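Report on the structure
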Amino acid sequence: MSLQTKYLLNESQMPKFWYNIQADLPSPAPAVLHPGTLQPVGPDDLAPLFPMELIMQEVSTEREIEIPEPVRDVYRAWRPAPLYRAHRLEKALGTPAKIFYKYEGVSPAGSHKPNTAVAQAFYHKKAGVKRLTTETGAGQWGTALSYAGALFGLQVEIYQVRVSYDQKPYRRAVMETYGARCVASPSNETVYGRSVLAKTPDHPGSLGIAISEAVEMAVQREDTKYALGSVLNHVLLHQTIIGLEAMEQMQMADAWPDVVLACAGGGSNFAGLAFPFIGDGLRGGQKPRIVAVEPAACPSLTRGKYAYDFGDTGRMTPLSKMHTLGSQFTPPGFHAGGLRYHGMAPLVSHLKELGLLEAVAYNQVECFEAGVLFARNEGIVPAPEANHAIKGAIEEALRCKREGKSETILFNLSGHGHFDMVAYQKYFAGELSDESYDEKELAASLAGLPSVPA
Ligand SMILES: *Cc1c(COP(=O)(O)O)cnc(C)c1O
């Protein structure tokens, strides 16, 4: 038997529509509220930040939303993305389970993020926008948006979380190569950044703070808008191309998952893989178990509260109902920077409340251990974020071994780790520890949630 099986689709099989789960929900997700009036926000409230076509996707209940041809044309550079069967990993684990993974690291930016960056840049350009601001943690989102900005002729300004800016200089070099400008956040360029630095001059930064800075810069200029790399409904929508392709590829493999897993930071790659499968189940198809894997040091789905909260630390965004650790929470500086966000996508949170998905949390060292085992069998060095999905899949495979079950496991390998080798070096040197958050800080952050009448 060959140990190398790859399932490839040809270009004509690339999906022509994104899948919108809002069409199939048993009950709609709670409304997004204006922080001043506590009334549902309307399209006009969001217009300073986003172009109208993205705002309309945010609230759409149409099941299929057409992928514009110029976006498909860019996607063709790396899509359809491959699906692999992890035969060697299965053998190493001695499991009767079949393990499949969808690989999103083949994009130019090395992760799933260009799936939405390219779409967002297209709609902004079409609306006449000249400049985009955004935040980035580990730098994956910043890289993806810089790439998309270069293709569509948009200037991109990136507020990068200070710890990552310092830890990952090569990420910044890539963003600059694509023509973007990077600023370490908190910065002196915004009112909010200056207020944070005044209190804590050596603040390590957080995604929540970087979002506040990017939003503050975007609302000041007519020609400038804002792009977010996860969390929002339209971002999750664009990522569903992952799951739609995976469904075709599982059919090619003559298999169907019993368990679908992905890591979850803001929830976009998880939703991208899982939502098409959940939707299929809601429409009468099979219902695989759906598992979100998050870091134990920033556990919004497993330890957070389902409540209205701000998307940023400076309290500038509308209020969304989501699983949150509180917008004032600063996660410890662990290496999966893309998973260091205080909240979870409202749609993912809503589905968790409806009992349509599960969540588990793992520590950083055990996730690196899983990633190294994966690399030594499958050859791909995974991003630290993706190591969480691998850890989750390995645990499922070992459960199958204990129970003598030959279940089919599908997970998303959201990106490669070529810019994260310092973290791997630290792991090999035994210098990586399981960072834990401060329980008192979490309690204080949750106590500070905005009060919204039921
Ligand atoms: C950004 C990122 C994540 C986390 O973001 P989600 O929105 O939760 O998908 C996961 N993996 C990689 C490789 C990333 O770049």
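Below, the structure is looked at part by part.

If you tally the helices and strands in the protein chain, you get 19 helices and 15 strands. Computed over its C-alpha atoms, the radius of gyration of the protein chain comes to 20 Å, within 12% of the 22 Å expected for a compact globule of 454 residues. Taking the principal axes of its C-alpha atoms as reference, the protein chain extends roughly 60 × 50 × 50 Å. In the protein chain, the proportion of contacts linking residues at least 24 apart, taken out of those at least 6 apart, comes to 77%. Accessible surface computed for the protein chain: about 16800 Å², of which carbon and sulfur atoms make up 51%.

Before going further, it helps to examine the pairing of strand S8 (residues 181–185). With respect to burial, S8 is a largely interior element, four of its five residues being buried. Bridge count between strand S7 (residues 155–161) and S8: five bridges; the pairing is parallel. Residue pairing for S8: Gln160 is matched across the bridge by Ala184.

The ligand sits among 18 residues. The nearest are Lys113, Ser230, Gly265, Ser268 and Asn269. Gly265 has a polar backbone atom sitting 2.7 Å from an oxygen atom of the ligand. Here the ligand, which alone exposes 380 Å², has 97% of that area covered by the protein.

Another aspect to go through is the side chain of Thr116. With respect to the helices and strands, the residue Thr116 is situated in helix H5 (residues 114–126). A relative accessible area of 0% means that Thr116 is categorised as buried. When neighbours within four sequence positions are excluded, Thr116 is seen to be in contact with Trp141, Gly229, Val235, His238 and Gln239.

For the rest of this paragraph, the subject is the nonpolar core. General note: in soluble globular proteins, nonpolar side chains tend to be found buried as a group. Of all hydrophobic cores here, the largest spans 41 residues; its most connected members are Ile99, Tyr101, Leu261, Phe374, Phe411 and Leu413. Contributions of two or more residues to this core are made by helix H4 (87–93), strand S5 (98–103), strand S10 (259–263), strand S11 (289–295), helix H16 (364–378), helix H17 (384–403), strand S15 (408–413) and helix H19 (439–447). Ranked by residues supplied to this core, first place goes to H17 with seven residues. Excluding its chain neighbours within four sequence positions, the residues that come into contact with Leu261 are Leu273, Val291, Val293, Gly392, Ala393, Glu396, Ile409, Leu410, Phe411 and Asn412. Within the second largest apolar cluster, 35 residues are counted, among which are Trp18, Ala119, Leu132 and Tyr147.

So, on to the packing of helix H13 (residues 268–282) against helix H15 (residues 346–353). Two numbers describe how H13 lies on H15: the axes approach to 11 Å, and their chain directions differ by 45°. Classified by the angle between their axes, H13 and H15 sit oblique to one another. As H13 packs across H15, the resulting crossing turns out to be left-handed. Touching Phe270, Ala271, Phe275 and Ile278 of H13 are Leu347, Val348 and Leu351, all from H15.

The next point concerns H13. Over its 15 residues, H13 extends 20 Å from the first C-alpha to the last, a length consistent with the 21 Å expected when each residue adds 1.5 Å. A bend of about 40° at Ala274 is the largest found in H13, and the proline Pro276 appears one to four places after it. In terms of burial, H13 is largely enclosed, as 13 of its 15 residues are buried. One or two residues past the end of H13 sits Gly284, with phi positive at roughly 105°.

Following the criterion strictly, the structure yields 26 salt bridges and no others. Ionic pairing is found between Arg76 and Asp73, a salt bridge with its closest N-O pair at 3.1 Å. Linking Glu403 and Arg399 is a salt bridge whose minimum nitrogen-to-oxygen distance equals 2.9 Å. One end of the pair is Glu403 and the other is Arg399, both in helix H17 and four residues apart, which spans about a single turn. Among the residues examined, Glu403 registers a relative accessible area of 42% and is labelled partly exposed. Beyond isolated ion pairs, a larger network of salt bridges with shared partners links Arg289, Glu358, Glu396, Arg399, Glu403, Lys405 and Glu407.

How each quantity is defined
Residues numbered from 1 in each chain as written. Predicted model: local features only at pLDDT ≥ 70, side-chain atom pairs only at ≥ 80, totals over all residues. Heavy atoms only, no water. Helix = DSSP H or I, 4+ residues; strand = E, 2+ residues; numbered from the N terminus. Rg over C-alpha atoms; globule rule 2.2 N^0.38 Å. Contact = heavy atoms within 4.5 Å. Areas by Shrake-Rupley, 256 points an atom, 1.4 Å probe, with all protein chains shown as cover. Buried < 20%, exposed > 50% of the residue type's maximum accessible area, 1.4 Å probe, protein only. Pairing = 2+ DSSP bridges. Near = heavy atom within 4 Å. Polar contact = N/O pair within 3.5 Å; in protein donor to acceptor, adjacent residues only side chain to side chain. Core = buried A, V, L, I, M, F, W, Y, C linked by side-chain atoms within 4.5 Å. Axes fitted to C-alpha atoms, helices over the stretch in contact; angles between N-to-C directions. Parallel < 35°, antiparallel > 145°, perpendicular 65-115°, else oblique. Left-handed = near helix turned anticlockwise from the far one by under 90°. Expected span 1.5 Å × (residues − 1). Bend = angle between axes of the 7 residues up to and from the residue. Salt bridge = Lys/Arg side-chain N within 4 Å of Asp/Glu carboxyl O.

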